[in-house]
Amino acid sequence: MRSTTILVALTAYISAAAAAPSNVVPRADAPCDAWSDECREVITGNACFAAYITGTNKSQVLDCVDVEDHAVSERKICNCYGCAETTVQQWAIDNLQCAP
Ligand SMILES: *[C@@H]1O[C@H](CO)[C@@H](O)[C@H](O)[C@H]1NC(C)=O
């Protein structure tokens, strides 16, 4: 079955990409708790992230978590690494310096 072969190859490719090391080490020393205070806005902000994450305005993305204090937004996104949407995590790698 040709389509099965393609699916298997694609799955392997995605797994390899997900495991690829990045140049930024996200803060993920402890397993994150998706419903902790640190993570709640990051998870529930999905629609907001979806609206702004493809843009170039970092401020709008940080507003999705905390409008008042972007340092808090950055900290929460970093602390929620491992629980957030993969697009949000990739954005964090590209835009934030999550301290290990
Ligand atoms: C980014 O978005 C904020 C609102 O969240 C706005 O105040 C600011 O002017 C925008 N910056 C740019 C460069 O568009």
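Predicted, not measured: the structure shown is a model, and the values here were computed from it.

### Some points on the nonpolar core
- If you look at the biggest cluster of nonpolar residues, it comprises 18 residues, and the most contacted ones within it are Val 42, Phe 49, Ile 53, Ile 77, Val 88, Trp 91 and Leu 96.
- Breaking this core down by element, the ones donating at least two residues are α2 (37–44), α4 (58–63), α5 (70–79) and α6 (86–95).
- Apart from the residues within four sequence positions on either side, Phe 49 is in contact with Val 42, Val 61, Cys 64, Val 65, Ile 77 and Val 88.

### Things to note about the confidence of the model for the protein chain
- Looking at the protein chain as a whole, the pLDDT averages 78, with 68% of positions reaching at least 70.
- Looking over the protein chain, one finds the lowest element-wise mean pLDDT in helix α1 (residues 2–19), namely 43, and the highest in α4, namely 97.
- Predicted confidence is poor over residues 1–23, with pLDDT under 50, and the contacts of this stretch with residues over four places away or in other chains come to one contact.

### Things to note about the state of the cysteines
- Following the criterion strictly, the structure yields three disulfides and no others.
- Covalently, Cys 48 is tied to Cys 64 through a disulfide, its sulfur atoms 2.0 Å apart. Disulfide Cys 48 to Cys 64: torsion about the S-S bond roughly -80°, handedness left-handed. Of this pair, Cys 48 sits in helix α3 (residues 46–52) while Cys 64 sits in the loop between α4 and α5, and the two are 16 residues apart along the sequence.
- Judged by its relative accessible area of 25%, Cys 48 is partly exposed.
- For Cys 64, a relative accessible area of 11% corresponds to the buried category.
- Bridging Cys 78 to Cys 98, the disulfide has an S-S length of 2.0 Å. Given an S-S torsion of about -80°, the disulfide between Cys 78 and Cys 98 has left-handed geometry. Of this pair, Cys 78 sits in helix α5 while Cys 98 sits in the segment after α6, and the two are 20 residues apart along the sequence.

### With respect to the packing of α2 against α5
- Where α2 contacts α5, the two axes come as close as 8 Å, and the packing angle between them is 90°. By the angle between their directions, the pair α2 and α5 is classed as roughly perpendicular. Contacts between α2 and α5 pair Asp 37, Glu 38, Glu 41 and Val 42 from the former with Arg 75, Lys 76, Ile 77 and Asn 79 from the latter.

### Section: the pattern of salt bridges
- Under the definition given, this model contains four salt bridges.
- Between Lys 76 and Glu 41 there is a salt bridge, and its shortest N-O distance comes to 3.2 Å. Here Glu 41 lies in helix α2 and Lys 76 lies in helix α5, a separation of 35 residues in the sequence.
- Assessed through its relative accessible area of 10%, Lys 76 is described here as buried.
- Of the charged contacts in the structure, one is a salt bridge between Lys 58 and Glu 74, with a shortest N-O distance of 3.8 Å. Linking Lys 58 in helix α4 with Glu 74 in helix α5, this pair joins segments that are 16 residues apart in sequence.

Rules used in this analysis
Residues numbered from 1 in each chain as written. Predicted model: local features only at pLDDT ≥ 70, side-chain atom pairs only at ≥ 80, totals over all residues. Heavy atoms only, no water. Core = buried A, V, L, I, M, F, W, Y, C linked by side-chain atoms within 4.5 Å. Buried < 20%, exposed > 50% of the residue type's maximum accessible area, 1.4 Å probe, protein only. Helix = DSSP H or I, 4+ residues; strand = E, 2+ residues; numbered from the N terminus. Contact = heavy atoms within 4.5 Å. pLDDT = per-residue confidence, 0-100. Disulfide = S-S within 2.5 Å. Axes fitted to C-alpha atoms, helices over the stretch in contact; angles between N-to-C directions. Parallel < 35°, antiparallel > 145°, perpendicular 65-115°, else oblique. Salt bridge = Lys/Arg side-chain N within 4 Å of Asp/Glu carboxyl O.

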